[in-house]
Structure formats: structure tokens, C-alpha cells
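One-letter residues, chain by chain:
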Amino acid sequence: MTANPAPARPTPRPLWQRSALIMAAIAVLLFVIEAIDAATDYRLDDAGIVPRQVDGLDGILWAPFLHVDWAHLIGNLIPGLILGFLLLLTRRFVLVTLIVWVVSGMGVWLFGPAYTATVGASGIIFGWLTYLLIRGLFTRDLWQILAGAVLFLVYGSILWGVLPGNPGVSWQGHLFGALGGVLAAWFLADRDRRRKVNPGTPQFPGVSS
């Protein structure tokens, strides 16, 4: 009797396809949350970051999922999908996002205007952008530097949002999100250099050792 051959393992999807699917899933989630928010007269926005209030600290977790209205969501979603997709291709999505999320949220909680609730994913988007712009400077990788230069030509004007001046816009979230991206680029630079020497294939497109 001959043994049946073991079934062939399915070929994993290319990284760009997995990255696109992840960003599509995030977009769907944000649309669902915004629909619920609109249906409840935007009461979910009360769960945003309330500066210097202990019971407003949990808003750091919820704020990126919430938006003031549909226009706010779409305004964040367009650059967010592109930058998130590019970040997933670097296999640093989870670590960079966590660093940016905390730094941006704490910056708003510490320095945001009192008696307000700040919502929106723009702080994370600013962090993604600055990480992608400058990571090549820390890793001393020419191709990453060139990619950052091209990205700056396309999205560099967004960085004006780190300055105060636009009422109703949390420049604190933008500024500290951008600083979080710089911190992530510095923190992960040594790992990225070691990964170039000992390349590996992670199981998830946003995680690497």
C-alpha cells in the first residue's frame, strides 16, 4: 500500500495583497463605527481624549476610531489608507502604530485644550508619515532615504498641520504623532539594520522580530 502524498501547503498571498486587505478591513471598521456614531447623534465622540482628566485617559485608546463627522473621517482615510499600506510593506506596522498611538494620545492629554474631547486618527497618520519620511536616515539605507524624499514631495505639505492656527484642529495630536513617528524610526533603526543582515519572513505583514 502506498501512502497518500501530503497535501501541498497553500501559497501565501504576496505582501502587498495582505497589506491591501488589512487596510481595507480597517476602512470598513471605521465606516461601521462612524455609522453607529452618526446614528446615536455622535455621542460616541464623548469617549475621546479629555485633557488632564483621569477619566479622559481611556480616550487615548478610543480616539483614533472616532471622528467628528463623515467629512472628518474621509479626510483622514484617504492619506491614511496610502500611508498605512506603505507602512505595512515595511513590516513595522504594529510596532510603529503602537508607539505613535501612545505618544500622540499622551501629547493631547497633557497639552490639549481643557474641557474638550479630541477624536480622530490624524495623530497616527502624522506618525506614519514622519516614520516613513525619516527612517532611512536612522538605518542609513539609501533606498529608504530616496523613498522618503519622494513621499515628502507628495505629502510633505501635510506637516504644516503640526503648527497651531486652525480652530477645531488638534495640532497637539499632529505634533506629538509626528514626534512619535520620529521616536519609532530611532527605536527600530537597530532592528532594521540587523534584519538586513539576517533577513526573515514574518507571519504577519506588520510584525517583525
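Heads up: these notes are all about the structure in this document. Predicted model, so just to flag it, every value in this text is computed and none were measured.

Definitions and cut-offs
Residues numbered from 1 in each chain as written. Predicted model: local features only at pLDDT ≥ 70, side-chain atom pairs only at ≥ 80, totals over all residues. Heavy atoms only, no water. 1 Å grid on protein atoms, 1.4 Å probe; cavity = no way out; pocket = protein on both sides within 12 Å on 5 of 7 lines; lining within 4 Å. Points joined across faces, edges and corners; volume = space filled by probe spheres on them. Helix = DSSP H or I, 4+ residues; strand = E, 2+ residues; numbered from the N terminus. Buried < 20%, exposed > 50% of the residue type's maximum accessible area, 1.4 Å probe, protein only. Contact = heavy atoms within 4.5 Å. Expected span 1.5 Å × (residues − 1). Bend = angle between axes of the 7 residues up to and from the residue. Polar contact = N/O pair within 3.5 Å; in protein donor to acceptor, adjacent residues only side chain to side chain. Phe/Tyr/Trp six-rings, centres within 6.5 Å; stacked < 30°, edge-to-face > 60°.

Time to look at the layout of surface pockets. Each pocket or cavity is described by its volume, and for the largest pocket that value is around 540 Å³. In terms of lining, the largest pocket is formed by 32 residues, of which the most central are T118, V119, S122, V169 and S170. If you list the elements that add at least two residues to the lining of the largest pocket, you get α3 (70–89), α4 (93–111), α5 (122–139) and α7 (171–197). Take the lining of the largest pocket: its biggest share by element is five residues, from α5.

A few words on the side chain of T118. Note that T118 resides in the loop between α4 and α5. Under the relative-accessibility criterion, T118 is labelled buried at 14%. T118 has contacts with G48, I49, A63, V108 and S170, leaving out every residue within four places of it along the chain.

Along its 18 residues, α5 runs 26 Å from first to last C-alpha, staying within 8% of the 26 Å computed at 1.5 Å per residue. At L133, α5 is bent by approximately 40 degrees, the largest bend along its length. Among the 18 residues that make up α5, 16 are buried, leaving the element largely enclosed by the rest of the structure. Looking one or two places after α5, you find R140, whose phi comes out positive at around 55 degrees.

Attention now goes to the side chain of D141. In this fold, D141 is placed in the loop between α5 and α6 (142–155). Polar contacts involving the side chain of D141 include one to the main-chain amide nitrogen of W143, which spans 2.9 Å.

Our next topic: helix α1 (residues 15–39). Compared with an ideal rise of 1.5 Å per residue, which puts 25 residues at 36 Å, α1 spans 36 Å between its outermost C-alpha atoms and is within 8% of the ideal. Those residues of α1 lying buried are L15, S19, I22, M23, A27, L30, I33, E34 and D37. Considering only its buried residues, α1 is in contact with α3, α4 and α5. Once α1 ends, the next one or two residues include D41, with phi positive near 60 degrees.

A complete count under the given rule lists four aromatic pairs for this structure. With a centroid separation of 5.4 Å and an interplanar angle of 45 degrees, the aromatic rings of F93 and W128 are classed as tilted. Taken as a pair, F93 in helix α4 and W128 in helix α5 lie far apart in primary sequence, 35 residues in all. When its relative accessible area of 10% is taken as the criterion, F93 is described as buried.

For D41, which is not glycine, the phi torsion reads 60 degrees and is therefore positive. Mapped onto the elements of the fold, D41 is located in the loop between α1 and α2 (59–62). A positive phi angle, close to 65 degrees, is found at R91, a residue other than glycine. Along the chain, the position of R91 falls in the loop between α3 and α4.

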